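Residues per chain, in single letters:
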Amino acid sequence: MASENPFRSILKALEKPDGGEFGNYYSLPALNDPRIDKLPYSIRILLESAIRNCDEFQVKSKDVEKILDWENTSPKQVEIPFKPARVLLQDFTGVPAVVDLACMRDAMNNLGGDSNKINPLVPVDLVIDHSVQVDVARSENAVQANMELEFQRNKERFAFLKWGSNAFDNMLVVPPGSGIVHQVNLEYLARVVFNRNGLLYPDSVVGTDSHTTMIDGLGVAGWGVGGIEAEATMLGQPMSMVLPGVVGFKLTGKLRDGMTATDLVLTVTQMLRKHGVVGKFVEFHGEGMRELSLADRATIANMSPEYGATMGFFPVDHVTLQYLKLTGRSDETVAMIEAYLRANKMFVDYNEPASKTVYSSKLELNLEDVEPCVSGPKRPHDRVPLKEMKADWHSCLDSRVGFKGFAVPKEAQSKAVEFNFNGTPAKLRHGDVVIAAITSCTNTSNPSVMLGAALVAKKACELGLEVKPWIKTSLAPGSGVVTKYLAKSGLQKYLSQLGFSIVGYGCTTCIGNSGDIHEAVASAIVDNDLVASAVLSGNRNFEGRVHPLTRANYLASPPLVVAYALAGTVDIDFETEPIGTGKDGKKIFFRDIWPSNKEVAEVVQASVLPDMFKATYEAITKGNSMWNELSVASGTLYEWDPKSTYIHEPPYFKGMTMSPPGPHGVKDAFCLLNFGDSITTDHISPAGSIHKDSPAAKYLMERGVDRRDFNSYGSRRGNDEIMARGTFANIRIVNKHLKGEVGPKTVHIPSGEKLSVFDAAMKYRNEGRDTIILAGAEYGSGSSRDWAAKGPMLLGVKAVISKSFERIHRSNLVGMGIIPLCFKTGEDAETLGLTGEELYTIELPNNVSEIKPGQDVTVVTNNGKSFTCTLRFDTEVELAYFNHGGILQYVIRNLIKQ
C-alpha cells in the first residue's frame, strides 16, 4: 500500500524576490548528491517526478536511486515509473479515448464498482484539430466553407466530445477551428512549471500524437504514446518506461543567410537517423543555442519521431523566457518559472560556467554547414540538397520501385500528357506539382518561415509570376495568431494571389486531409500512370498518406513550397533554370524571389506581437457559434446509439470478470500478412478516405450511408466496426502473400482465396484459427496510432514477429494483449526460409510469474522449422497488462480493488 513520501524532508518554500512565496517544491539541491550535476536536464525532470510521486507503492525509493545513478543504470535498460503532469489529446485520438473511458465506466458499473472512479486524475487537454478537409481551396471564403462542411460531417463526433468535456472532470476541450494541437500547446496550453495547490513542479506531457515532442522545444518534457497508454496515465497509473540513454547534440555557429529552420531540421533528422536514436532522448546544447529561436527549436523537436528519438529536448534558457513573454504569459508567471527552474538546477544560463553534463553519446553540428534541402519522395529522412534535386529526381525515375524509385522507363520519362482544365488546354509531366500545401505544426508555428513564404509570394507577384490554376494550393495555419501577423505584415494578399488562401485552422494535407484534386487532373494522372508530386511543409510524406494520386511527396519549408508551386514541377534545378517568366518577358530565377534573413527578421520583428497571442487565446475556449449550438445529453454514463456509424461501444470488456485471464500462447496460427521492412502505422491503421469498394464502405452502405457522406477513417475512429474493416486497408501496402501485387488484400492460406484483409481475418476467426503477422525492420514506424494495435486485435491477430518495432507501436500492441516478438539479430523470415504459409506455434507458460521481460521464446512451425525470438514485453508492468488481457482491463480491476 502507499505510504508517506520519504522525500518530504527536501520540500522547500520558493521565495519571491520582493517577499512572499511562489509555493513549495521538492528541491533537488537539497539531496546533496553530486550526481545531479552530471545528469542531462531531461533526466532531471524524470528525477523530480519520481521524488515528488514517491509513495513506495507505484513509485519507490529504489526508482529514485536508479535515476540518480543514470550514468551507470541507463546502459542496463532498467525500468522506471514516470507520472507525467498532464495528457494531451487531439480529436482523432481523443474520440476513441473518450469512447474507452465511457466504456470503462460501463464495465466498472457492471462489475459492481464505482463508475465515477473512471475520471482523469491529471489535467487532460483535448484540441479538436484533425477534421479540416481541404474541400474548398484558392478562395477567400475557404475557411467558412470548410468549417461548415466540417460540422456537417462531424456533428455527432463533436457532440460526443462536448459530452465528454461535461461528463469527465479535469478535461479541457478546445473547440474546432482553433488551431493545430501542438501549436496551441506551444503557444497557450504549456505551463512549463505547474503550480497546483501551492506545489510547484515541472510541466511534462504525454500525448496521443507522436508530434507531441514539439513541446520539448519549450523545455517541457513531452512525447507521444499510444491512446491506450494515455488513458491509463489519465487514470493515475504511472507509465512504465526504460530509463533512456541521452544523446548530447552540440550546436555551434549560426545559420547562413537564406537558410531556414526546415533546412536545419531535415539535416538534423538525417544525422540522428544515421546515428541511431530509437528509444533515446536527444538533448541539444552548445553555443549555437544562443542563436536559435524558440520557433526553430520547436521545429526540430517536432520531428523527433522522424529521427526516431523519444524526444529532442531543449532545456529552458533566456530564449524560452522571451518566447513565454511574446506569447502572452504574464510577467509573474514567467518570474515563477525562472525562479523555480534556477532553484532546481533545470535552467541553462550561458553566462555561467558550462555544466558538467554527461551524455550516453555525442553529436555535433556547425549551423553554418546547413544547406537548403527537401526530403522525399517517400520518407522524411531521405534528405535531398536543393542543388541535387533535379539529378535525384531523375535517379528516382530510373531506379526500381522502392523508397527512392519509381521504375519509369526511359522512353516514358519525358512524355507530356495533354488535358483540358476548365476549357483551357493544359499539360502534365512526371514530377509536375499538383498539390502545394503550407501545412502542419512543424512549420506553421514558426513566424520566420511563414513570413518568409509570404515574402517569396510578394516578390513573385511583383515580378508577375503565377501558379498554374490546376495546382491545389492551400494555407492551413496552426493558430489564429498566424492570420493576425500575416495581416499585420500586409503580406497575406500576395499568398492569396498565388492561391495560398487560408483554408482552415488544423491538420490538413500532412495527415491526408488534402481533399480531391480536380477531376481532369486526376484522370490525366491515372490514365497515363504519371508520377505526380506534392510539396508540403509537413513532417510525414509516406507513400499513400498525402493523397492517393501523388506518388512523389516532398517535405519542404513554406518558402520552398511557394517556389515549387510557382515552378510547377520538382524536375528543376533552381540554380540554373528559371522558375518562370515575368510580366516583362524576363526569365525569373529562384534567387530573384528568395528573401534574405535580414528581410525576414525585420518583418517578424514588426509583425509578431504579444497582443496577438493574448487576443487569440482569450477567446479560444469560447468556441464558435456552430460549436456552442451543439446540444448534448447530460449524465455520466453515455447513452450508446446502436444505429450510430460514428460512435459505437467496442467489445473490449464483454464477458470481463474480476479474475485476470492469464497469459496466452499461440497454437497452429496462420500468417494473416507477410511484410517486409518499414511497414508504418499509415499502412496498418485506417487513415484517409474510405474507398468505395472497401469492407468499411460496404458496412456504411448497408446502413444507408451515402458514399458522399463516408467521411474519413480518422473521423470515424469512435466506431470499432469501421476501424476493424479499415485496418491494413492502405492501397500501397505490400504483402508477400500477393506475390508482387500491391494493395489491401491477402490470401486465405487454406483455400488459396484472395480476399480483403478483413474478410480473410473473419474467415480464419469463423474457422477457430489464430493468426499472426510476419514483418521486417521498423514495424509500426510513423504516427502513434492506437488503432494500429486495436485493429489487429479485433481482427484476431495474436502475435507479431518482426526484426524490430517502433517504440510506441510495440507498447500499443502490448496494451491490446498482442504478443510482440523479435527475430534474433541477423535473422528474419527470409533467412529462416519461412514462406508465411506455415502454421506457427508459440509456447508461453500459463503463469505470468514464469515469464521474464525480454526472455527467449521458441517458435515452431508445422513443417519442422524451429527458431528463437526475443519476447518484447520489456517491463514487469507490461507483463501484468498481458496477464490481464490488456492495459484497460488491468486499470479497471485495480480501481475496483481500491
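Predicted model only: the values in this text are computed from it and were never measured.

Rules of the game
- Residues numbered from 1 in each chain as written.
- Predicted model: local features only at pLDDT ≥ 70, side-chain atom pairs only at ≥ 80, totals over all residues.
- Heavy atoms only, no water.
- Phe/Tyr/Trp six-rings, centres within 6.5 Å; stacked < 30°, edge-to-face > 60°.
- Helix = DSSP H or I, 4+ residues; strand = E, 2+ residues; numbered from the N terminus.
- Buried < 20%, exposed > 50% of the residue type's maximum accessible area, 1.4 Å probe, protein only.
- Pairing = 2+ DSSP bridges.
- Axes fitted to C-alpha atoms, helices over the stretch in contact; angles between N-to-C directions.
- Contact = heavy atoms within 4.5 Å.
- Salt bridge = Lys/Arg side-chain N within 4 Å of Asp/Glu carboxyl O.
- Domains from an automatic or database assignment.
- Buried area = accessible area lost by both parts, 1.4 Å probe.
- Polar contact = N/O pair within 3.5 Å; in protein donor to acceptor, adjacent residues only side chain to side chain.

Undergrad: An account of the packing of aromatic side chains is needed here, citing residue identities and associated values.
TA: The relative placement of two aromatic rings is captured by the distance of their centres and the angle of their planes. The final tally for this structure, using the stated rule, is 27 aromatic pairs. Plain terms: the ring middles of Phe-670 and Tyr-764 are 5.3 Å apart, the flat faces sit at 25° to each other, and that makes the pair stacked. Linking Phe-670 in strand β26 (residues 666-674) with Tyr-764 in helix α27 (residues 757-766), this pair joins segments that are 94 residues apart in sequence. Relative to Phe-882, the ring of Phe-873 has its centre 4.6 Å away and its plane inclined at 35°; by these criteria the two rings are tilted. Phe-882 matches Phe-873 in its accessibility class, with the two residues each being buried. One aromatic cluster is present, built from ring pairs that chain together Phe-160, Trp-163, Phe-168, Tyr-638 and Trp-640.

Undergrad: Give a description of the sheet that holds strand β8 (residues 199-202) that names residues and reports values.
TA: Here we have four strands laid out as an open sheet, ordered β1-β2-β8-β7, and mixed in their pairing. Two strands close off the open sheet at either side, each with one partner strand: β1 (11-15) and β7 (193-196). Across the sheet, the mean angle from the axis of one strand to that of its neighbour is 40°, orientation sign disregarded. Pairing of β7 with β8, which is carried by four bridges, proceeds in the antiparallel orientation. Considered in β8, the bridge of Phe-194 is made with Tyr-201. Against the sheet, helix α1 (residues 41-52) engages β2 (21-26) and β8, with an angle of about 145° to β8. Where helix α12 (residues 331-343) meets the sheet, its contacts fall on β1, β2, β7 and β8, and the angle it forms with β2 comes to roughly 35°.

Undergrad: Mind laying out unusual backbone geometry, listing which residues take part and the relevant values?
TA: Residues apart from glycine generally show negative phi values, whereas peptide bonds are mostly found in trans. A cis amide bond links Gly-376 to the next residue, Pro-377, at an omega of 10°. Along the chain, Pro-377 turns up in the loop between β16 (373-375) and β17 (383-385). The phi dihedral of Asn-197 falls on the positive side, at around 55°, and the residue is not glycine. Relative to the helices and strands, Asn-197 is located in the loop between β7 and β8. Given a relative accessible area of 83%, Asn-197 falls into the exposed group. The backbone of Asp-668 sits at a positive phi, close to 50°, despite the residue not being glycine. Looking at where Asp-668 falls in the secondary structure, it is placed in strand β26. Since its relative accessible area comes to 27%, Asp-668 is described here as partly exposed.

Undergrad: Any details on the pattern of salt bridges? Residues and values, ideally.
TA: In the structure shown here, the tally under the stated rule is 46 salt bridges. Across the salt bridge formed by Arg-35 and Asp-69, the nearest N and O atoms sit 3.5 Å from each other. On the criterion of sequence distance, the pair formed by Arg-35 in the loop between β2 and α1 and Asp-69 in the loop between α2 (61-68) and α3 (70-73) is long-range, its members being 34 residues apart. A salt bridge links Glu-702 to Arg-703, with the shortest nitrogen-to-oxygen separation between them at 3.5 Å. Judged by relative accessible area, Glu-702 falls into the exposed class, the value being 55%. When salt bridges with common partners are traced through the structure, they connect Asp-33, Arg-35, Glu-65 and Asp-69 into a single cluster.

Undergrad: Please set out the environment of Lys-410 residue by residue, giving values where relevant.
TA: Note that Lys-410 resides in the loop between α13 (389-398) and β18 (416-421). Residue Lys-410 is classed as exposed on the basis of its relative accessible area, which comes to 59%. Each C-alpha atom of the pair Lys-410 and Leu-199 lies 68 Å from the other, and the pair is 211 residues apart in sequence.

Undergrad: Before we move on, can you summarise the domain arrangement of the chain with the specific residues and values?
TA: In terms of domain boundaries, the chain breaks down into domain 1 (86-369), domain 2 (418-608) and domain 3 (666-897). Of note, the centres of domain 1 and domain 2, computed from C-alpha atoms alone, are 27 Å apart. Counting from both sides, the interface comprises 45 residues of domain 1 and, opposite them, 50 residues of domain 2. Here domain 1 meets domain 2 over a buried area of about 3,400 Å², counting both sides, of which 53% is carbon and sulfur. Ranking the residues of domain 1 by area buried against domain 2 places Val-134, Arg-138 and Ile-180 at the top, with a combined share of 22%. Here Glu-306 and Arg-540 are joined by a salt bridge, their closest N and O atoms 2.3 Å apart. Linking domain 1 with domain 2 are 25 residue pairs in polar contact (both at pLDDT 80 or more). For the side of domain 1 that touches domain 2, the secondary-structure elements that each account for two or more residues are α5 (142-167), α6 (181-189), α8 (261-275), α9 (294-302) and α10 (304-307).

Undergrad: Let's hear about the environment of Ile-773: which residues, and what values?
TA: Relative to the assigned elements, Ile-773 resides in strand β29 (residues 771-774). Take Ile-773: its relative accessible area is 0%, and that puts it in the buried class. Note: C-alpha distance between Ile-773 and Ala-799 (26 residues apart in sequence) is 6.5 Å.

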